[in-house]
Amino acid sequence: MRLTADAVRRLRARSQRLMGRTKGPLEAARAMCGAQAQDASAGILSLRARLDPAAEVTAADVERLRVDDRALVRTWLMRSTIHLVTAEDYALLLPLVGPHFERRTRPRRLGLGLDDETGERGVGLLCDFLSKGGPLTRDELRERLERRRIPTEGQALVHLAALAAYRGKICFGPGEGRRATFALVDDWLKPAIQRALHRPPPREEALATLVRRYVDAFGPATPEDLATWSGLPMGDVRVGWKGAAEELVEVAVPPVAGGRAWFPAAREAELREVAGRGRRTPESVALLAFWDTYLMGYRSRELTVDTAHAAGVVVAGGVLYPILAVDGRAVAAWRLERAKGRVTVRLSPFAPLSKGVLRAAEGEAQDVGRFLGAEEANLA
């Protein structure tokens, strides 16, 4: 089956639940295989874009799921970047990516004064401090570590915390921004999740599960796309792809999307439905936040963002900026302004937008305000 660029984008938007949105944050987080969340608020806003507004979920509801229910976990995962995932997915993903990134980031730790012996001692001290007095903020940990002569200057403390996270020792606890804390996994997460974390399935089986989950969340996609999104080596990806091959269907896609890609066989009817359609009224209009995983999930973003708008508008200074996506294609950049209970979504279109898209974008802006608890919201 041969897919046009429009069909690939629509299918990817469906896979990411930008169409057919979910009723709850856990379903959204699972459907998208987690939200990139080095900026905690951006990660939560990424979930909003996959939630049905009728469900009336708020950012506070999402944070309660993380802090009170411990059903969401924020920690270092794919690409050695902080993500917000379900607790069950944390137990699946960390054993796959943690050891790889522990090895891969070792040269950086050495350059920060964290040789192997110092790193081991630092992780042990982190766990001891958190066991006795946690959760603790970064500044509280820095003070305690410095007294034990563990390097914390520059990025040293962050890399030490990431090392402990790769090993399943710590994750983020309550609080955001400067108030964010770290917590001991053995104290923070439920016993069932701890058991799953420390007793993972055989690696080949787990890699096949990862491939199935990834293709369902990002398909049509390629092994190279999965390697880009996860940060895992191609050898691991090929093992997983082989294990999941019978559950995938191959399609022809434009060269910019890889030439050939794969989609869940269980959704083949959906594949044929979308492939058989021509251009029509947009199905999906979504305000995507900083570093939205839809833009992080593929080897190339050219199918989503025109080259003319990529550098300096959507991607600049190592930051992936918020976009308005229509059926999976970036049509505008946007920024959020908050003042005195009011939220304004300020849109910068790449080209004139239709009245229908503008109406849908206004609805999205109002939903962003509702989600954040604002008294008033509008599009500007």
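Here the structure is a predicted model, which means the values were calculated and not measured.

Caption draft 1: Structural view of unusual backbone geometry. At the junction of Gly134 and Pro135, the peptide bond is cis and its omega measures out at -5° in the coordinates. Mapped onto the secondary structure, Pro135 falls in the loop between α7 (116–133) and β4 (136–137). Cis geometry marks the peptide bond from Gly219 to Pro220, where omega comes out at 0°. With respect to the secondary-structure elements, Pro220 resides in the loop between α12 (203–218) and α13 (223–230). The backbone of Arg70 shows a phi angle near 55°, a positive value even though the residue is not glycine. Looking at the secondary structure, you find Arg70 in the loop between α4 (59–67) and β2 (72–76).

Caption draft 2: How the structure looks around the nonpolar core. Core analysis: the biggest nonpolar cluster contains 86 residues, and Trp76 and Tyr90 have the highest contact counts within it. The element that contributes the greatest number of residues to this core is helix α9 (residues 156–166), accounting for 10 residues. If we skip the residues at most four places from it in the chain, Trp76 touches Thr81, Ile82, Leu94, Val158, Ala161, Ala162, Ala165, Tyr166, Phe172 and Phe182. Ala71, Leu287, Ala289 and Ala361 belong to the second largest nonpolar core, which has 35 residues in total.

Caption draft 3: View of the environment of Glu63. With respect to the helices and strands, Glu63 occurs in helix α4. Accessibility expressed as a relative area gives 17% for Glu63, which makes it buried. Sequence separation between Glu63 and Gly177 is 114 residues; the distance between their C-alpha atoms is 13 Å. Not counting the four nearest positions on each side in its chain, Glu63 is found in contact with Ile44, Asp68, Gly175 and Glu176.

Caption draft 4: Up close: the pattern of salt bridges. Going through the model one piece at a time under the given rule, you end up with 33 salt bridges. Between Arg14 and Glu270 there is a salt bridge; the shortest N-O distance is 3.6 Å. Taken together, the residues Arg14 in helix α1 (residues 5–15) and Glu270 in helix α15 (residues 268–275) connect sequence positions 256 residues apart. Each member of the pair, Arg14 as well as Glu270, is classed as buried. Across the pair Arg329 and Asp306 runs a salt bridge, and its minimum N-O distance is 2.5 Å. Residue Arg329 is found in strand β13 (residues 329–339), and its partner Asp306 is found in the loop between α16 (293–296) and α17 (307–310); the two are separated by 23 residues along the sequence. By relative accessible area, which is 27% here, Arg329 ends up partly exposed. One salt-bridge network, held together by shared partners, links Arg10, Arg14, Asp216, Arg267, Glu270, Glu273, Glu283 and Asp327.

The rules behind the values
Residues numbered from 1 in each chain as written. Predicted model: local features only at pLDDT ≥ 70, side-chain atom pairs only at ≥ 80, totals over all residues. Heavy atoms only, no water. Helix = DSSP H or I, 4+ residues; strand = E, 2+ residues; numbered from the N terminus. Core = buried A, V, L, I, M, F, W, Y, C linked by side-chain atoms within 4.5 Å. Buried < 20%, exposed > 50% of the residue type's maximum accessible area, 1.4 Å probe, protein only. Contact = heavy atoms within 4.5 Å. Salt bridge = Lys/Arg side-chain N within 4 Å of Asp/Glu carboxyl O.

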